[in-house]
Amino acid sequence: MDEVRTTCPYCGVGCGVLAKAGDDATASVRGDPDHPANRGRLCSKGAALGETVDLEGRLLTPRINDRQVSWGAALDHVAAGFRRIIAAHGPDAVAFYVSGQLLTEDYYVANKLMKGFIGSANIDTNSRLCMSSSVAGHKRAFGADTVPGCYEDLEQAELTVLVGSNAAWCHPVLFQRMRAAKERHPDRKLVVIDPRRTATCDIADLHLPLKSGSDAVLFDGLLCYLFQNGQVDFSYLEAATEGYGEALQAARSGAAAIPQVAAACGLTEEDVARFYHLFARTERVVSVYSQGINQSSSGSDKVNAIINCHLATGRIGRPGMGPFSVTGQPNAMGGREVGGLANQLAAHMDFDDARAVDRVRRFWRAPNVASRPGLKAVDMFQAMGEGRIKAVWIMATNPVVSMPDADRVREALRRCELVVVSDCMARTDTTACAHVLLPAAAWGEKGGTVTNSERRISRQRAFLMAPGEARPDWWMVCEVAKRLGFGEAFSFQTPAAIFREHAALSDFENDGGRDFDLSALASLSDGDYERLDPLQWPVTAARPEGTERLFGDGRFFTESAKARFIAVTPRPPVNAPDEQYPFILNTGRVRDHWHTLTRTGKSPRLSAHSVEPYAELYPDDAARLRIADGALVRLHSRWGWMIARALISPAQQAGNVFVPMHWSGQFAGRGRVDVLVNPEIDPLSGQPELKHTPVQVECYTPQWQGFVLSRRCLSLPPTDYWVMAAGRQFWRYELAGERTPAEWGEWARQLLCAEDRARAEWIEYLDTAAGRYRGARLVGDRLDSCLFVTTSRELPPRTWLGQLFSEEVLSAQDRMSLLTGNPSRDRPDGGRIVCSCFSVGENTLRRAVEAQGLDTPEALGRALKAGTNCGSCIPELKALITECAAKKIA
Ligand code: SF4
């Protein structure tokens, strides 16, 4: 089979991928050199896609109450359940919770069924958690949810401001484009505004570690500074905007002068002045913002505070300038286009326009079209908990892990009469709550379109057969719609047919007053759809090749055609730290994982970078709490608690703690951080405050700690702390317990000796006085599994032990090493993996830096290949070189 041109299913950069099925449940992937988003680059996650397409853990057949059934029976059951509940309680008693992982075609039919035919707007998407504040901000300022610019602007900007965006880890290929542009033009500046010193600061000229939640103060202050320093473009204001006076007045009534701003944001006056000066004097400025802005109880205001500064200077819609919201998910933008958010109609139309509701009704021939917004995600799950919503269909997402106050979400699902989950994975925290499971086709098995952060629509194309009975989500939705009596409106046979209708709706009665316009694509043939090249909407007769930028002509989608300034009065986060919960919990992502690990958790090389959920703490805070680096800590909030591994780092701000959001109940016993997160939301966007929850942090001191490496996936007995991660040819389990087993050897045998008892050889070492046990199980001459436990925290490193699993015959030296817990001289421990592409560990890198005097990432690349493929690890390589140099001087 030839390579198929498709799109990465992870982040909103939307990189093009050339993919080909392999012979052994893998696929080969490489970056598409012709895709405008990435021009051949891929990050570590994209590069490892081929390792994640196997069938391990897949949901392959429909199931009702854990019983395998036919598709017909499952679809009949879903339709009957929805029909019964709608008849008894009305359409608002049912809901869909969908996902930025869906393709636009899946999204379109789900929205059409709920809003057009069931007659409720209770369909919301997990993109609510990611960028709905940007949607609200765009609509207030521009009259439509329009991203004005494109990725090339980041290469043309003389100043790039990254606000609440760790692009190096969360949008890596975009970050690499910025890095390359900066290398070509060293005089260009980059400012990072983030409470943490993240990997993105690697290329920053200035880092502003502002106080959590104070972004609107900083940008209101900038608006005042631009006025005071004669940098406002009054002719642009006059011609293209309205509301400047009110916005400036609101800004001036707060912390208007630099000393006040600096005090309110916890920054130095020099740093604030430097940032303001850079912004004021530079014409080509792009402000990139992401979850650090959006995930806030005042996220919409923060978005508008940023946009206000671009409007005041007229820096929008022209090359190298503009506010730029980058989305987390691969198709968050597609969801916005079809109306996947509960407060939007389809094709960027709104409920507050009665003509739009009527237009959609006529286009769909849908007499029952919803006329008012539905419940947004947090309110939707609350309504389930209160029994107001009785049936929900969850598509391609895992809210029991990713929603704030996640334990309440699980309880809410348990209260529902009918929970339907369509997913490609059989076992997730959310599928465990389902009455009906529908097997969904995964990435590589289905076709459709996605839209990235720069409005670029790209095709995802199938290159693998869908396994078992897996089917695309659009097909399931249409089949349920037919069973509900709406067959005519859902008679689509292909994604192409859905796309044509989606494009036609964007064109319907659109006289140019609506931004989202795919009119030139409304009559694509199936062949044209198959061949569709990536292009940016709007795509019209006048612009058949798509549109790079909007608003360059100073005309917007408001009634007056002018952009609106929004008066922003900064509000602090809703829940402030106090004596009981003195730390601010900030959640986010790690470099090599995606969402709730259902896909990246399968890849050994991606799992090796961050093995366990961690709590990143400032050194003084850790010292005060007597928490050592690598110790276990317990975090509590008013909503829940978790256990994580302490990571002590000066990159963290004092009084703050950062915890990644990825670990689910499938991969960790107590690792779901969102059980702690407050469910406060932005009143306008409904986006939850995932970056600011007051928490307590304390030492967690189990009686014993240990780890297991095993070729087989184990059934763990109840264990107080456990985390599971994929390794090459083994699974790794980190364990801790509050009660020491009476007899370690017996405990170890029970855990590891399920199979092949007769052939297994057992070697072990016990030091009762030192509280140490080591056991290894060999089958034939190969290592099958090994277990190390201790009542102290001293355990051997794991990387060299992992290497033993690739040996067909363990040498006498290796056997001895297993018992002593020390790597032999010819098998030094590589340490925690830094470069995922070439599996280069921290210890290997340190040794090379120290022994060979390597002092640049390029030199490390030449010596060890580290950082020479996707480049995602370069900031860490630089940090390691700096650390080694500092040690040498000390
Ligand atoms: Fe995929 Fe990485 Fe590109 Fe994002 S940056 S789309 S995760 S390859």
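Residues numbered from 1 in each chain as written. Predicted model: local features only at pLDDT ≥ 70, side-chain atom pairs only at ≥ 80, totals over all residues. Heavy atoms only, no water.

1. Some thoughts on the environment of Asp621
Consideration 1: Mapped onto the secondary structure, Asp621 falls in helix H24 (residues 619-624).
Consideration 2: Residue Asp621 is classed as buried on the basis of its relative accessible area, which comes to 6%.
Consideration 3: For the pair formed by Asp621 and Thr6, sequence separation is 615 residues and the distance between their alpha carbons is 46 Å.
Consideration 4: One polar contact links Asp621 to Arg624, side chain to side chain, over a distance of 2.9 Å. (Helix = DSSP H or I, 4+ residues; strand = E, 2+ residues; numbered from the N terminus. Buried < 20%, exposed > 50% of the residue type's maximum accessible area, 1.4 Å probe, protein only. Polar contact = N/O pair within 3.5 Å; in protein donor to acceptor, adjacent residues only side chain to side chain.)

2. Quick look at the site of the ligand
Consideration 1: In the neighbourhood of the ligand, the contacting residues comprise Cys8, Tyr10, Cys11, Val13, Gly14, Cys15, Leu42, Cys43, Lys45, Gly46, Pro172 and Val173.
Consideration 2: Those elements that place two or more of their residues in the shell around the ligand are helix H1 (44-47) and helix H7 (172-184).
Consideration 3: Here the shell around the ligand is composed, by residue class, of nine nonpolar, two polar and one charged. (Near = heavy atom within 4 Å. Nonpolar A, V, L, I, M, F, W, Y, C, P; charged D, E, K, R; others polar.)

3. Digging into the sheet that holds strand E21 (residues 583-588)
Consideration 1: Sheet architecture is closed into a barrel: six strands sit in the order E21-E25-E22-E24-E23-E26, paired in mixed fashion. Taking each pair of neighbouring strands and ignoring which way they run, the sheet shows an average axis angle of 45°.
Consideration 2: Looking at chain direction, strand E23 (residues 632-636) and strand E26 (residues 693-699) are connected through four bridges and run antiparallel. Looking across to E26, one finds that Leu635 is bridged to Val697. (Pairing = 2+ DSSP bridges. Axes fitted to C-alpha atoms, helices over the stretch in contact; angles between N-to-C directions.)

4. Let's talk about the side chain of Arg672
Consideration 1: Here Arg672 is to be found in the loop between strand E25 (656-660) and E26.
Consideration 2: Judged by relative accessible area, Arg672 falls into the buried class, the value being 10%.
Consideration 3: Polar side-chain contacts of Arg672 include one of 3.0 Å to the backbone oxygen of Val400.
Consideration 4: In contact with Arg672, other than residues within four places in its own chain, are Val400, Val401, Ala406, Asp407, Arg410, Asp429, Met642, Trp663, Ser664 and Gly665. (Contact = heavy atoms within 4.5 Å.)

5. With respect to the nonpolar core
Consideration 1: Phe96 and Trp393 are the most contacted members of the largest nonpolar core, which totals 72 residues.
Consideration 2: With eight residues, helix H3 (residues 104-118) is the largest single contributor of residues to this core.
Consideration 3: By size, the runner-up hydrophobic cluster in this structure holds 60 residues, among which are Val217, Ala240, Phe275 and Leu550. (Core = buried A, V, L, I, M, F, W, Y, C linked by side-chain atoms within 4.5 Å.)

6. Section: the packing of helix H28 (residues 842-852) against helix H30 (residues 874-889)
Consideration 1: The geometry of H28 relative to H30 is characterised by a closest axis approach of 10 Å and an angle of 50° between their N-to-C directions. Compared by their axis directions, H28 and H30 come out oblique. H28 and H30 meet at a crossing whose hand is right-handed. Residue-level contacts link Glu842, Leu845, Arg846, Val849 and Glu850 of H28 to Leu877, Leu880, Ile881, Glu883, Cys884 and Lys887 of H30.
Consideration 2: Classifying every residue of the contact of H28 with H30 gives six nonpolar, no polar and five charged. (Parallel < 35°, antiparallel > 145°, perpendicular 65-115°, else oblique. Left-handed = near helix turned anticlockwise from the far one by under 90°.)

7. A look at the pattern of salt bridges
Consideration 1: Inspection of the entire model under this criterion finds 68 salt bridges.
Consideration 2: As a salt-bridge pair, Glu761 and Arg815 come within 2.8 Å of each other at their nearest N and O atoms. Remark: Arg815 occurs in helix H27 (residues 812-820) and Glu761 occurs in strand E30 (residues 760-767); sequence separation between them is 54 residues.
Consideration 3: Residues participating in the shared-partner salt-bridge network are Arg591, Asp592, Arg832, Glu842, Arg846, Glu876 and Glu883. (Salt bridge = Lys/Arg side-chain N within 4 Å of Asp/Glu carboxyl O.)

8. Thoughts on the sheet that holds strand E9 (residues 189-193)
Consideration 1: Spatial ordering of the open sheet is given by E10-E9-E8-E12-E13, a layout of five strands whose pairing is parallel. Each edge of the open sheet is held by one strand with a lone partner, namely strand E10 (206-208) and strand E13 (322-325). Ignoring which end each strand starts from, the neighbouring axes of this sheet average 15° apart.
Consideration 2: As paired elements, strand E12 (residues 285-289) and E13 share four bridges and run parallel to each other. Looking at the pairing, Val286 lines up with Gly322 of E13.
Consideration 3: Docked against the sheet, helix H12 (residues 269-281) engages strand E8 (159-163), E9, E10 and E12, running at close to 120° with respect to E10.
Consideration 4: Packed on one face of the sheet, helix H14 (residues 299-312) meets E8, E12 and E13 and runs near 175° to E12.

9. Looking at the domain arrangement of the chain
Consideration 1: When its domains are assigned, the chain resolves into domain 1 (4-52), domain 2 (63-127 + 331-492), domain 3 (132-325), domain 4 (583-699), domain 5 (704-820) and domain 6 (833-889).
Consideration 2: The centre of domain 2, based on its C-alpha atoms, is set 46 Å off from the matching centre of domain 6. (Domains from an automatic or database assignment.)

10. Structural notes on the packing of aromatic side chains
Consideration 1: As enumerated under the stated definition, the model contains 29 aromatic pairs in all.
Consideration 2: Ring centres of Phe117 and Phe490 lie 5.4 Å apart, and the angle between their planes is 75°; this geometry places the pair in the edge-to-face category. Of this pair, Phe117 sits in helix H3 while Phe490 sits in the loop between helix H20 (473-483) and helix H21 (495-507); the two residues are 373 residues apart in sequence, bridging distant segments of the chain.
Consideration 3: With relative accessibility at 0%, the residue Phe490 sits in the buried group.
Consideration 4: Geometrically, the ring pair formed by Phe219 and Phe275 is edge-to-face, given 6.0 Å between the ring centres and 75° between the ring planes. Of this pair, Phe219 sits in helix H8 (residues 215-228) while Phe275 is found in helix H12, placing the two residues 56 residues apart along the sequence.
Consideration 5: You can call Phe219 buried: its relative accessible area is 1%. (Phe/Tyr/Trp six-rings, centres within 6.5 Å; stacked < 30°, edge-to-face > 60°.)

11. Some details on H14
Consideration 1: For H14, with 14 residues, the first-to-last C-alpha span of 20 Å sits near the 20 Å given by 1.5 Å per residue.
Consideration 2: Just beyond H14, the residue with positive phi is Gly314, at close to 65°. (Expected span 1.5 Å × (residues − 1).)

12. Structural notes on the environment of Ala396
Consideration 1: For Ala396, the position within the fold is in the loop between strand E14 (391-395) and helix H18 (399-402).
Consideration 2: A relative accessible area of 24% places Ala396 in the partly exposed class.
Consideration 3: Sequence-wise, Ala396 and Val421 are 25 residues apart; in three dimensions their C-alpha atoms are separated by 7.8 Å.
Consideration 4: Dropping the residues within four chain positions of it, Ala396 is found in contact with Ser99, Gln101, Leu102, Ser422 and Asp423.

13. With respect to unusual backbone geometry
Consideration 1: The omega torsion across Trp537 and Pro538 is 0°, close enough to zero to call that bond cis.
Consideration 2: If you trace the backbone, Pro538 turns up in the loop between strand E19 (535-536) and strand E20 (563-564).
Consideration 3: Although it is not a glycine, Phe551 sits at a positive phi angle of roughly 75°.
Consideration 4: Structurally, Phe551 can be placed in the loop between E19 and E20.
Consideration 5: Within the chain, Leu597 stands out as a residue other than glycine whose phi angle is a positive 70°.
Consideration 6: By the element assignment, Leu597 lies in the loop between E21 and helix H23 (604-607).

14. Examining the packing of H8 against H12
Consideration 1: Axis separation between H8 and H12 bottoms out at 10 Å; the angle between their running directions is 55°. Classified by the angle their axes make, H8 and H12 are oblique. The handedness of the crossing between H8 and H12 comes out as right-handed. On H12, the residues touching Val217, Leu218, Phe219, Gly221, Leu222, Tyr225 and Leu226 of H8 are Val272, Phe275, Tyr276, His277, Phe279 and Ala280.
Consideration 2: The class makeup of the residues in the contact of H8 with H12 is eleven nonpolar, two polar and no charged.

15. As for the pairing of E30
Consideration 1: Bridge analysis of E30 against strand E31 (residues 772-779) gives eight bridges, and the strand direction is antiparallel. Each bridged residue has a counterpart across the sheet, and for Asp767 the counterpart in E31 is Arg772.
Consideration 2: Connecting the antiparallel pair E30 and E31 is a turn made up of four residues, with Gly771 showing a positive phi of about 65°.

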